[in-house]
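Remarks on the overall topology
Chain by chain, the residues:
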Amino acid sequence: MKLGKTAIGFVILVVAGLVAPFLIYPVFLMKALCFALFACAFNLLLGYTGLLSFGHAAFFGSASYVTGYVITQLGFPVELGILTGTAFAFGLGAVFGSLAIRRQGIYFAMITLALAQMVFFLCLQIKATGGEDGLQGIPRGFLLGFIDLSDTLNMYYFVLGIFLFGFFLIYRVVHSPFGQVLKAIRENEPRAVSLGYDADWHKLLAFILSAGLSGLAGATKSVVFQLASLTDVHWGMSGEVVLMALVGGVGTIFGPVVGALIIVTMENYLAGFGSWVTIIMGAVFVVCVLVFRKGIVGELTALIKR
Amino acid sequence: MFEWLGITPQGLYGQLLVGLINGSFYATLSLGLAVIFGLLNIVNFTHGAQYMMGAFVAWMGLTYFGINYWWSLILAPLAVGVVGIILELTLLRRLYQMDHLYGLLLTFGLALIIEGGFRQVFGISGERYEIPEALTGATNLGFIFLPNYRAWVVAASLVVCFLAWFVVERTKLGAYLRAGIENPQLLQAFGVNVPVLVTLTYGFGAALAGFAGVLAAPIFQVNPVMGSNLLIVVFAVVVIGGLGSIMGSILTGLGLGLIEGLTKVFYPEGSSVVIFVIMAVVLLIRPAGLFGKEK
């Protein structure tokens, strides 16, 4: 029964993804897809492993910089550029993860936040990242050498493909034996350890995977908007992805997608109102934490089950 | 001493002084975080916003009501403390039974609201706060010209830090506080009103951040984002020191401020990241932090 519902959800998601660009402004959709993948990757860590990272902007942003750099400066083709950015995020995730998992709970959050701030300062200072300007005018180029990505619709389906790949991968991971161990660690780490599972190793792998997929999202974003900027590595971005997962439903498969759609839509409409975006995001945080902890998808699921 | 590196003694002492000032802010802020965390089990993400509010209350007091610096030094922390108490009574209180992470997320949301609100009203360009007349000028110490205001900042924050240490570690009230950290139920059973103690502690931590904000107002520009960037560094300081002891927070804060200052002399490019690098090293060698004990 459970599988059936999830399968229906998948079909709806794929069909909606295929039809959407004919109904809604595609550039907006691509932004939403990139952030949806980012939020899903983040949720793998918070929702299924119970680790709150406050520094995921580091992976998202650094991958977007690396991709931008290798495409503009080294002339990499677009798919190789995205792969390079993603690989970088995987590597960075391995380094940060092995440091951060040494502490738990709130310390984990503070450590990831601090490490991400270090990346922010590096991006601000290093010449290759263009400082305050960021990297602009990243060419979209040709996918596999012949599909013109400057065409919006081509680009959209490419992004959709990347998103679905990441999404299915996360789904598979969560529902694999490995994913079950992650959930066991989330629920009761000492017990998981006593059953013979190496908790640290599992946490590290989950961290690396989450970081790498966040990087994939960031790398794709830099190609879509042809821009890598300091916003992508700023702590505000780390907060945003937490909010997306929280609004949609932490620990649900579809929640982060819904959350990302809502937050991106909100930002789109409030873009002209200055700091009100920040104020409203803060208010949504407060409301979610106080009365709406399961998020939209989480509450809906609870409602259906009742 | 280091002339062969192209570094003048004046430059060295100057940066050490800047480091000492930053260190006093790190110490004051991480002290407040440690006290709040000890009793409430909440990482107060609003701490940076409270620091910023302290500076703004002082600035608004001077600009709109002509309240001078010395009164602000008392009134601004009080105001920030009262706002903190209201937040604790209305919002934070609801989360004590839950995962610590929710407290972190709630205070993060509050910080966004406060910071966004100030940005909406005052913009991000920042306001100037003049150094009070009694503290203008500088004293010649022979090897360096010491600006009086900066000397005052270091002295004032050290005094406040040690007062806080004294209250927590050496007084009856502090004994209640420490007992509350160890075992709140038992303390309640002895007839101490623990919820009031918790509320006052949060108010005190917030007021401490507000006090640091007033001290900072004449040195840095008073602007809505002054708190958030500082807070992240303070988090790193807290990870390095561990939230276990008050003296630990003070020493770690000051020490890291000085190290940051030294880095500015010898390797300026690294000064913005040096604290984070130290954090990484400490995590490798002593994961619980220099003064911390793993719970």
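Because the structure is predicted, anything quoted here is derived from the model rather than measured. (Residues numbered from 1 in each chain as written. Chains lettered and ligands numbered in written order. Predicted model: local features only at pLDDT ≥ 70, side-chain atom pairs only at ≥ 80, totals over all residues.)

With that settled, consider the overall build of chain B. Secondary structure summary: chain B contains 11 helices and two strands in total. Helices and strands appear in chain B in the N-to-C order α-α-α-α-β-β-α-α-α-α-α-α-α. The C-alpha radius of gyration of chain B comes to 19 Å, within 12% of the 19 Å expected for a compact globule of 295 residues. Oriented by its inertia axes, the alpha-carbon framework of chain B measures out at about 65 × 50 × 35 Å. For chain B, the proportion of its 295 residues judged to be buried stands at 49%. (Helix = DSSP H or I, 4+ residues; strand = E, 2+ residues; numbered from the N terminus. Rg over C-alpha atoms; globule rule 2.2 N^0.38 Å. Buried ≥ 20, exposed ≤ 12 C-beta atoms within 10 Å, placed from the backbone.)

Moving on, we come to the overall build of chain A. Of regular secondary structure, chain A possesses 13 helices and four strands. Its C-alpha radius of gyration of 19 Å places chain A within 12% of the 19 Å reference for a compact globule of 306 residues. In terms of principal-axis extent, the alpha carbons of chain A reach across some 50 × 40 × 40 Å. Burial analysis of chain A (306 residues in total) assigns 52% to the buried set.

The interface of chain B with chain A comprises 32 residues on the first partner and 34 residues on the second. Here the element with the most residues in the side of chain B that touches chain A is helix H4 (residues 100-122) of chain B; it accounts for 16 residues. Residues belonging to the side of chain B that touches chain A are distributed by class as follows: 22 nonpolar, six polar and four charged. (Contact = placed C-beta atoms within 7 Å. Nonpolar A, V, L, I, M, F, W, Y, C, P; charged D, E, K, R; others polar.)

You will see that A:Gln226, though not glycine, has its phi angle at about 55°, which is positive. With respect to the helices and strands, the residue A:Gln226 is situated in the loop between helix H9 (199-225) and strand S4 (227-228). Although it is not a glycine, B:Asn41 sits at a positive phi angle of roughly 55°. With respect to the secondary-structure elements, B:Asn41 resides in the loop between helix H1 (9-40) and helix H2 (47-65). Exposure remark for B:Asn41: the 17 C-beta atoms within 10 Å place this residue in the partly exposed category.

A few words on the nonpolar core. Residues A:Leu37, A:Met110, A:Ala114, B:Ala236 and B:Met279 are the most contacted members of the largest nonpolar core, which totals 194 residues. Among residues more than four places away in sequence, those in contact with A:Ala114 are B:Ile232, B:Phe235, B:Ala236, B:Val239, B:Phe276 and B:Met279. (Core = buried A, V, L, I, M, F, W, Y, C linked by C-beta atoms within 7 Å.)

With that settled, the discussion passes to helix H8 (residues 194-216) of chain B. Each α-helix winds once per 3.6 residues, and so residues spaced three or four apart point in a common direction. Its 23 residues place the ends of H8(B) 33 Å apart at the C-alpha level, agreeing with the 33 Å of an ideal helix rising 1.5 Å per residue. For H8(B), the buried fraction is high: 18 of the 23 residues fall into the buried class. (Expected span 1.5 Å × (residues − 1).)

Right, let's talk about the environment of A:His56 for a bit. Residues and elements named next belong to chain A. You can see histidine 56 is positioned in the loop between helix H2 (26-49) and helix H3 (57-72). Measuring from C-alpha to C-alpha, the distance between histidine 56 and alanine 39 comes to 9.7 Å, with 17 residues separating the pair along the chain. Those residues within four positions of histidine 56 in sequence are excluded, and the remaining contacts are Phe42, Ser214, Ser238 and Val241.

This part covers H4(B). Residues and elements named next belong to chain B. With 23 residues, H4 extends 33 Å between its outermost C-alpha atoms, agreeing within 8% with the 33 Å of an ideal straight helix rising 1.5 Å per residue. Most of H4 sits inside the fold, with 17 of its 23 residues counted as buried. Just past H4, the residue glycine 123 takes up positive phi, approximately 70°.

Glancing now at the packing of H2(B) against H8(B). Residues and elements named next belong to chain B. Here H2 crosses H8 at 50°, and the two axes come no closer than 7 Å. Here H2 is positioned oblique relative to H8, judged by the angle of their axes. H2 and H8 meet at a crossing whose hand is right-handed. Residue-level inspection shows His47, Gln50, Tyr51, Met52, Met53, Gly54, Ala55 and Ala58 of H2 in contact with H8, the latter providing Ala206, Ala209, Gly210, Phe211, Ala212, Gly213, Val214 and Ala216. Within the contact of H2 with H8, the residues separate by chemical class into 11 nonpolar, five polar and no charged. (Axes fitted to C-alpha atoms, helices over the stretch in contact; angles between N-to-C directions. Parallel < 35°, antiparallel > 145°, perpendicular 65-115°, else oblique. Left-handed = near helix turned anticlockwise from the far one by under 90°.)

Moving on to the environment of A:Phe76. Residue and element names in this part refer to chain A. Here phenylalanine 76 lies in the loop between H3 and helix H4 (78-100). We classify phenylalanine 76 as partly exposed; it has 18 C-beta atoms within 10 Å. Remark: the alpha-carbon pair of phenylalanine 76 and tyrosine 65, spanning 11 residues in sequence, is separated by 14 Å. For phenylalanine 76, the residues in contact, after removing those within four places along its chain, are Val70, Ile71, Gly81 and Thr84.

This next bit is on the packing of helix H7 (residues 177-187) of chain A against H9(A). Residue and element names in this part refer to chain A. At a closest axis distance of 10 Å, the pairing of H7 and H9 adopts a crossing angle of 115°. Judged by the inter-axis angle, H7 sits roughly perpendicular to H9. Note on packing geometry: the crossing formed by H7 with H9 is left-handed. Of H9, the residues touching H7 (which contributes Val181, Leu182 and Ile185) are Ala199, His202, Lys203 and Ala206. Here the contact of H7 with H9 is composed, by residue class, of five nonpolar, one polar and one charged.

Here chain B shows a mean pLDDT of 86. Residues at 70 or above account for 97%. In the model output, the complex is listed with pTM 0.89 alongside ipTM 0.87. (pLDDT = per-residue confidence, 0-100.)

What follows concerns the environment of A:Thr129. Residues and elements named next belong to chain A. The topology assignment puts threonine 129 in the loop between helix H5 (105-125) and strand S1 (135-136). Residues threonine 129 and leucine 205, 76 residues apart in the sequence, show an inter-C-alpha distance of 29 Å. With near-sequence residues (within four places) excluded, threonine 129 lies in contact with Tyr65, Cys123, Gly134 and Leu135.

In the predicted model, chain A carries a mean pLDDT of 88, and 99% of its residues have values of at least 70. Within chain A, the element-level pLDDT minimum falls on strand S2 (residues 142-143) of chain A, averaging 76, and the maximum on H9(A), averaging 94.

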